[in-house]
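For reference, the chains in residue letters:
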Amino acid sequence: MQTTTLEIGIDYQAVLPETITASVAIIIMMVDAISRRMERRVAGTLSLAGLIAAGAAVINLRDRSGETSFMGMIITDNFRLFFAMIFLLVAFLIVLISQRWIEEEELPIGEYFALLMFATTGMLFMSAANDLVMIFLGLEITSISTYVLCGYRRRDARSNESAMKYFILGSFSTAFLLYGIAFVYGASFNPAASPVATTNLQLLKERIASGPLYSQELLFAGAAMMIVGFGFKVATAPFHIWSPDVYEGAPTPVTALLSTGSKAAAFAAFARVFVLTFAMAPLAAAAGGSVLPALQSLSTSALAVMAMLTMTIGNLAAIAQTNIKRMLAYSSIAHAGYALVGIVALDWRSLAFYMLSYVVINIGAFAIVEVMARRGDKRTEIADYAGIGFQSLGLATALSLFMLSLAGLPPTAGFMAKFLVFKSAWVAGSAGHNGLLHLVVVVGVINSAISWYYYLRVVVAMFFREPATGFTRPTLAKSMVGALALTVLGTFYLGLMPDRVLAVLENARDQIVAVAK
Amino acid sequence: MEKALFIIFAVIAVASALNILLQRNPMYSALSLIGTLVSLSALYIMLRAQFIAAIQIVVYAGAIMVLFVFVIMLLNTPREQSNVDKQKWLRALAIPFAGLLLAEASYVVWRVPARTMPPIDSSGSGIGTTYSVGTKLFTDYLLPFEVTSVLILMAIVGAMVLARRQDD
Amino acid sequence: MIPLSWYLGLSALLFTIGAVGVFIKRNAITIFLCIELMLNAVNLTFVSLSGYFGDMGGQLFVFIVMTVAAAEAAVGLAIIISIFRNRESLNVDDADAMKL
Amino acid sequence: MSPSTNLAAIILAPLAGAIVLGLFGKRMGERAIGVIACSTVAASALLSFYAFFTHLHALEAGERISAPLFTWVKAGSFRADVSLLLDPLSGIYILFITFIGFWIHVFATGYMRGDSGYWRFFAYLNLFMFAMLVLVLADNFLLMFVGWEGVGLCSYLLIGYYFTKDFANDAAKKAFIVNRVGDFGFALGVMLLFLKSGSVFFFTDGSRGVTGAFDWALMQTADPLTASAIFAGGITTIAVLLFVGACGKSAQIPLFVWLPDAMAGPTPVSALIHAATMVTAGVYMVSRASWIYVKAPSAMMIVAIIGAATALFAATIAIAQWDIKKVLAYSTISQLGYMFLACGVGAFGAGIFHVFTHAFFKALLFLGAGSVIVGMHHVQEMQRMGGLKKYMPWTFRTMAVGWLAIAGFPLLSGFFSKDEILFKTLTSDAFEGVHLLPKVLWVVGAGTALLTAVYMTRLMVLTFWGKERFSENGASHADHGSEHSHHAAPSRESPPSMVVPLVVLAVGAITAGWVGVPEGLSGGHVRNYFEHFLRPAIAERGQAADAADASVPVRETFRDAESVEPPFKKRDVVNENHDIEIALTVVSSVIAIGGLVIGWIWFRRKPLWQPPRLLEEKYHVDEAYDAAIVEPIKQGSSSLLWKIIDIRIIDGAVNGAAALAASVGGVIRHLQSGLARSYVAMVVFGALLIIGYFVIR
Amino acid sequence: MENQLLTIITMLPLVGAAALALMGRGERSNENALRWTALLFSTATFAISLALPLTTDLKTFETNVPWISAFNLGVRYHVAVDGLSLWLVMLTTFLVPLALVSSWRSVTYRQREFLITLLALETGMIGVFVSMDMFLFYVFWEVMLVPMYLLIGIWGGERRVYASIKFVIYTVVGSLLMLAGIIALYYVHGHATGNYTFDIAVITDHMRSASFLSLSEQRWLFWAFAIAFLIKVPLFPFHTWLPDAHVEAPTAGSVLLAGVLLKMGTYGLMRFNLPLFPLAARHYAAFISALAVVGIIYGALVAMVQPDLKKLVAYSSVSHLGFVVLGIFSFTDEGMQGALYQMLNHGVSTGALFIIVGMIYERRHTRLIAEFGGLASVMPVYSTLFLVVTLSSIALPLLNGFVGEFLILVGTFTSPVLPNAKLFASFASIGMILSAVYMLWMYQRVIFGEVRNPENLKLKDLNGRERFVLAPIIVLIVLMGIYPSMFLNRSAEAISAIRSRVGLPGPPVVQNNGDQPPARLPFNSASQIPKEP
């Protein structure tokens, strides 16, 4: 690596998607500043255009396989591209479901979309990161912008509270993550190598795999602290504790973003570190040294326990909820548990597919919650949904579909995702003779069964109960209709014909292959 | 000599840090934190991080803490207005949690192999100088550096949006 | 020569103090200060490792962390202002509208 | 007419009648219904006679006419065909079934006149004929079971014919269920037989590739006469299980309880189903399976003892009943016991002979009773009859024939069959080692015969002689003070449609016994035609064992039973015992006449003599069953199984699991205090755990 | 085109549902159009499905194309019928139109959605029976839950919410365990043979040629599958969802629930548990048979004391399905053929019973037995048809129930695998007595006696539509009783193939069958084996 000269090849293409989203954010701010309020809804359109352009930029990178840019700071591989597409999709859908909402709420429009774009930029960096510093930065960009978004309805005490809780706990856990990074940095010291210590993930992997390490303890403690940090961001037990309150208080589209985009981004970073760096290629023999296997088995068992705990807590607590946003928050915790199984199984592909499916379904669900809630998040109790089934058949059917898909009903995306994750875990457990992984699968399926109960409660409320008074059929904006159509179709598409998407994932020539060669 | 300096600054840092917790007035807590920051800055110099030490004073102790003090004064809180403490039991957790966390950290630190600082590079381009930091920042850390600009911009937007007056 | 572990130990001590502060203090600003203290503790670790390794990476990381801390401070304080306007209180124990 | 068509037509004719009546009967007049019902049975009867007499020589020669129709059930190695079999045993059965059945149909057209369910009644009755004929013509156990359950069904429908009356419905249900208990044994017996022999067919038929269970049985060595053989799962077990079935259908102890209640049905039904035909199906089945029984002496002993016990037991109850039909019902049970006694001592032929004669005189008696009942405007209590002789002369005359026949008055049909049974019982060698048993059984049989004569005399006396008690209250017969408001004055004699069958049957009751005059009466000069005719269809003790021992091809042994005199030990015994037989004939004549005389004297003097309560109340068997079986099951099912196990325990566990999950959820929820600082503490706690795990490992 | 027939049969109802959804929304007169459209589609499905039994070579209907091949998943769209599924498919297509007609007038609330749900349910049910790929099977298995859930929940009785949720959760608990089992089996098979596939026929074939599952693996997998199926059956003590679901479900729902859904459990046992885990099946045969026998007697006893007609029939289903399970685990041709036959019988008879109960419920809006009595006087046709169905249910010879029940008992009695087989059969035979007790007692209380409740006096006898519904069922009841060979012959080969698998690797199961060559599943699955991962 050339560090002494100033000749650094700047590969603009490699950061084009992030550049586009960040630039769009800035453009939105500028347009917002110079335009009158009535014209400000152009911000949404601008965001959509920017996202599509960013998508094109991502696709443009599809031929790269594991090339690093910016002195190893970012890497362009299938992992990055797939997750990038997920984030862009999330942002796209969130923009669609926010357009009408933000106007009705009479909140600053330009800043909202700008912050959304910034958050997207952060997510994109998280999936692209090949260095812990980039992960840290991406995480912070995402987090800080979502702190603001949570408190976006400034006059609403619940929104404030949500922002404050998220902020305090978020920064607190970031400190842990950072401390973990520092430890890992320290552990990587090798006077014979250049640079002597590093936060570059590829280098870290090589050093951990082949040794010698400066201090094994530092590495392990660092890994543990990073689990705390990531665990917090993806909301796994026992670090899930913030999410119900934050989700409930945040404006509904923001909740949708939090539970999908930032969760997926955190999972991307999590997987980048714990699947692609701190672990051996699945089924590969130990390359030498015993540190990597030891670390891997430690994190596998810790994460397995966390996964089981997470899904159980999420599901059981969801049963007792009466507020649909809060219920979806707990459901989101449970899903973090299922997705974590993908990391436990060291299979980022099924994790990625899980995230894609989950994102589509969950945004769909939140979109309907948003429509039903009306201005100021007023109708978010499950009781408010009583009997609306036949008064607003389309919405109710769609919501039922999302609920059942979240529960894992075939042939929808939710089932396919769960199936792949559990399959990976089972296969990994059988191949590695790790009974814990089998246990994870069994606990997972039992939890899925439990989850049916509370997901069905929504269906029960909508279709089986007497109609509540005072319900009027909501009108849908075109953008909302588009979002719902996309999510409904996506739910079926991913469940019925996942072959295409899976093939994209499968053809990934990723780091593991590169390292193995 | 060095050890004496270390001990002095370390004691100041820890004492100030503890003072943050002991003070009821956030203003005093903020001032205590400045004490910690300054003593850390001194330690940074001992660790051959002159540039970092400098910005620690300028940026951290200066800019950021001033921001804090401003906000504290803006909100006009000479004392904690509300004295509700719904979770007294948390105090009871403080000692065991602190003890455990410290024990775990110390165990890790204890196991870190001993190491002496490398000799100072005579060329003057050793670590910690403005030159070396600058070089590194615009080569290896170019992208992170650029990304921080996005971060800052976003923080400005966010802070603006939240802290604007209500009737805006 | 000061052993590396002294620095690391000091850093751990500061981190712990910060962490404990976060959950025993009630004033939002003080809590925030404690978080800043934790970040500084981490910075000390980075700098000391960097110094003992003769590697610039740690210091650069600290540089980035400081920027982040600044951004976080701006947003965090904005949030605190915003909540103060609604509640006239900085006590985080007052904020429990959403629970269970 | 080929045998297949002939036999198939025999069973299909009544079925066709049943279907036509069932579907269209509602819109027909009574006359048309009567014609259809009677003509189909008449057709069946004519066809039966045709079949029987065209094949008489073949049958006498021991041939079996089989009529395979189609394969009914085939799964794995299990196979059962719908195929019919005409042999001496089924031949005799179809003759008297169709013959008596026809006359009872005729009688019923008169008896049921004016009933709103006329069409329904005859549809059921025709259906019964079909089922009964299937039962006796079946060539395998499964098809036999079809008829077996089919007659049960028809019995159910006809007992409950007056469906608005609860006692009729209860009786119907009781009949079906008690029969099901018997069927339970029957089915298990068939299964065990299938397990052992690999077939449920009676006889081997190479042309269809079926092997016969009886041929298998023939090859077996006989089980010893021990109690353990009953439970050994061998041939004795099969025999005992089959007998359980027979007990149900033929109302033997302990499953007899349904038959008295079954009198709730119209009287022709009682005559046809519950006297002449269906109830003798058990005897038929046991005789049919004689091939098995002869290898199972323990089972034979059980059959004999149960038969004798039932005979005596039912007779004692019969003496104390007031309802004319109940008397006849218990009498039927008693006579059925007689038949089983015969089977049990190995005299299957004598048993069948008694079935044959009994069919005539018992049908006659029931129809006579029916005629009386119609005349009395549906009063059945004998306390309120008396002196009917002059109102209903033909009924009286024909019933008198029946009375004498059943009492065993010399030269009437009952005399010969009963005499044969008693003789075979006394001289039986079926129970080697238990020499006393035949004598005990004989004493029981003779006692029963005496009782039979007595209670039948009581019935006749109470009904036809003495004072006319039409206006008396049935419940308090001795109390003249309470004048009952409604008078059941007898009308004139019943219409010809009822009287003619009575006369026909009376002739039968007199003459039916003459086809099987015991050889001993003629000193062995005249062959007992009936017994001889049946011989190819019925196994005898020792026969098969010899066959097996001598490795003689099985088929020949019984095919040529007539020409080649096989070394039957029993036959020799019979020959030697002609003298004994004559002596016994005298004894039984004395018993019969004595019984008649005793009855006459006693009941002419005290017609309303109060019998012992215990007998009048039927030994409280029904109540005991209720208390010991029915109620515990009902209560247990309701309060224990349903309300405790199902709702409390199983559902409780399910709902409990759900509640547990919800309450755990509630607890977890309370971690969520809403206070950010506690969340921080929790994060620290989690961090401590994970770091601790990683550091310490 | 012909080999797409199964797909057409499966999907046609769904197409009908879509058509209903798209039909114009007019006034009330429109409802008739909706009903007729639904009936048209379901009848067409039945008509097309008639091609199945009329074709001698069922293989021609097989469709086998890749579905999800990424990730080396090897999921295929493989549909086929064999002797095992043929009649169950027919049963489904037969019952759905009848269920539709039976609720012709009774469902007025949300007619359109009701019909859509019913048709969607039909697709799900047929799909389960024709799937020859575990993945596909699972998809249909779960899909079918939703319409049933909605049927109970929207159109059900008072406690419909409780009942519907109970139904779903019970089923889902089992089926998700089965999912784990499917995944495990998939891996074990793929790992051992190198051919990662969900294809039932392929795996079954491999299982036969070289047992790749150890005994302990078999045991675990056996239960993973069995629990799902036994809950669905439902076997004692997993049965408590059934009475609730039945009582609350609308008539059409009950008919299909009892008629078809329960069969999926027993079908699954025969399709998966026996051929795939023969050792485990043999090992647990006694245990499951014991549960089955307990279920037979228990179900009958509890049925006896039910005050509610539907509950009574529901518990009788527990009893009857106990027979089916018993027959399956006898591992004899007789028992298993009988079990299959009994599935059909139960579908027809119990379906008819629910239709019959629905008919008086429509008239009186109560199902309590005590409310009735004496209906024979006012509704003679109804009473007669009711009687035939009752008799079929208590297994009267020459009606359908008898053949199945007797074969099962014979099979159990002669089972070489069960210890104390005779004892099992004997206790099961008690169920034969008890079924007569509870059915006849119920019949007596409803139909016989005087009309005591004046409400019952004005009841109208069956109208033409109602007679039309019951007529085909009655015909089938009689036909199946008199000429069962028509049905048994088609399934014999498939059954003995399964039986011979369970027989492996021990001695042949039935003494008299030693000379038969072991039969194969009628699918040519060998061609797929060489695929390398």
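Residues numbered from 1 in each chain as written. Chains lettered and ligands numbered in written order. Predicted model: local features only at pLDDT ≥ 70, side-chain atom pairs only at ≥ 80, totals over all residues. Heavy atoms only, no water.

Q: Please clarify how the nonpolar core should be interpreted in this entry.
A: Core analysis: the biggest nonpolar cluster contains 822 residues, and D:Phe141, D:Tyr293 and E:Leu73 have the highest contact counts within it. The contacts of D:Phe141, once residues within four sequence positions are left out, are D:Phe186, D:Val190, D:Leu193, D:Val200, D:Phe202, D:Phe214, D:Leu242 and D:Ala289. (Core = buried A, V, L, I, M, F, W, Y, C linked by side-chain atoms within 4.5 Å. Buried < 20%, exposed > 50% of the residue type's maximum accessible area, 1.4 Å probe, protein only. Contact = heavy atoms within 4.5 Å.)

Q: Looking at this structure, how should I read the pairing of strand 2 (residues 75–79) of chain E?
A: In regular strands, side chains alternate between the two faces of the sheet. Residue and element names in this part refer to chain E. In terms of burial, strand 2 is largely enclosed, as five of its five residues are buried. By the alternation rule, side chains of strand 2 split into Val75, Tyr77 and Val79 and Arg76 and His78, which are all buried. Pairing of strand 1 (residues 63–68) with strand 2 involves five bridges; the strand directions are antiparallel. Residue pairing in the sheet places Val65 in a bridge with Tyr77 of strand 2. Taken together, strand 1 and the strand that follows it, strand 2, pair antiparallel across an intervening segment of six residues, in which Phe71 is found at a positive phi of about 60°. (Helix = DSSP H or I, 4+ residues; strand = E, 2+ residues; numbered from the N terminus. Pairing = 2+ DSSP bridges.)

Q: What's the story with the confidence of the model for chain D in this structure? I'm lost.
A: Note that predicted coordinates carrying low pLDDT should not be read in detail. Residue and element names in this part refer to chain D. Summing up the model confidence of chain D, the mean pLDDT is 84 and the portion of residues at 70 or higher is 91%. For residues 474–486, every residue scores under 50 in pLDDT, and the model assigns this stretch 15 contacts once sequence neighbours within four places are set aside. Below a pLDDT of 50 lies the segment residues 544–573, which in the model reaches 38 contacts outside its immediate sequence neighbourhood of four places, other chains included. Reported for the predicted complex are a pTM of 0.91 and an ipTM of 0.90. (pLDDT = per-residue confidence, 0-100.)

Q: How should I be thinking about unusual backbone geometry in this particular structure?
A: Most of the time, phi is negative for any residue but glycine, and the peptide bond is trans. The omega torsion across A:Ala237 and A:Pro238 is 0°, close enough to zero to call that bond cis. Mapped onto the elements of the fold, A:Pro238 is located in the loop between helix 8 (216–234) and helix 9 (243–249). Cis geometry is adopted by the peptide bond preceding E:Pro234, which originates at E:Val233 and carries an omega value of -10°. In this structure, E:Pro234 sits in the loop between helix 10 (215–232) and helix 11 (241–248). The phi torsion at A:His433 lies on the positive side, around 50°, for a residue other than glycine. Examined against the element boundaries, A:His433 turns out to sit in the loop between helix 15 (413–431) and helix 16 (435–464). Positive phi is not limited to glycine here, since E:Arg110 has a value of about 55°. Considering the arrangement of structural elements, one finds E:Arg110 in the loop between helix 4 (83–102) and helix 5 (111–130).

Q: Which parts of the structure should I look at to understand helix 14 (residues 309–328) of chain E?
A: An α-helical turn contains 3.6 residues, so a residue and the one three or four places further along point in the same direction. Residue and element names in this part refer to chain E. Given a rise of 1.5 Å per residue, 20 residues ought to cover 28 Å, and the 29 Å separating the end C-alpha atoms of helix 14 matches this to within 8%. Across the 20 residues of helix 14, 20 count as buried, placing the element largely inside the fold. Two to three positions downstream of the cap, the backbone nitrogen of Lys310 sits 2.8 Å from a side-chain oxygen, assigning the N-cap of helix 14 to Asp308. (Expected span 1.5 Å × (residues − 1). Polar contact = N/O pair within 3.5 Å; in protein donor to acceptor, adjacent residues only side chain to side chain.)

Q: Help me out: how do you make sense of the interface of chain C and chain B in this one?
A: Often, the extent of an interface is quoted as the loss of accessible area on bringing the components together. Listed as interface residues are 75 residues of chain C and, on the opposing side, 82 residues of chain B. Counting the surface lost from both chain C and chain B, the interface buries some 7,200 Å², and carbon and sulfur atoms represent 76% of this. Applying the counting rule to chain C against chain B returns zero salt bridges. Across the chain C-chain B interface, the total number found is nine residue pairs in polar contact (both at pLDDT 80 or more). Only helix 1 (4–24), helix 2 (28–53) and helix 3 (57–87) of chain C provide two or more residues apiece to the side of chain C that touches chain B. Among the residues forming the side of chain C that touches chain B, the class breakdown is 47 nonpolar, 19 polar and nine charged. (Buried area = accessible area lost by both parts, 1.4 Å probe. Salt bridge = Lys/Arg side-chain N within 4 Å of Asp/Glu carboxyl O. Nonpolar A, V, L, I, M, F, W, Y, C, P; charged D, E, K, R; others polar.)

Q: Would you explain the interface of chain A and chain D in this entry?
A: Facing the 36 residues of chain A at the interface are 24 residues of chain D. Taken together, both faces of the contact between chain A and chain D bury some 2,600 Å²; the carbon and sulfur share is 80%. Considering only the surface of chain A that becomes buried against chain D, A:Ile241, A:Leu298 and A:Leu316 emerge as the three largest contributors, covering 21% of it. Connecting chain A to chain D are zero salt bridges. At the boundary of chain A with chain D, the tally comes to five residue pairs in polar contact (both at pLDDT 80 or more).

Q: Explain a negative patch on the surface here, please?
A: Residues and elements named next belong to chain D. The grouping of Glu617, Glu623, Asp626 and Glu631 at the surface amounts to a negative patch. With respect to the element layout, Glu623 can be found in helix 27 (residues 621–669). According to the relative accessible area criterion, Glu623 is partly exposed, its value standing at 45%. (Patch = residues over 30% accessible without salt bridge, like charges linked within 9 Å, V, L, I, M, F, W, Y side chains within 5 Å. Areas by Shrake-Rupley, 256 points an atom, 1.4 Å probe, with all protein chains shown as cover. Lys, Arg positive; Asp, Glu negative; His and termini not counted. Charge placed at Lys NZ, Arg CZ, Asp CG, Glu CD.)

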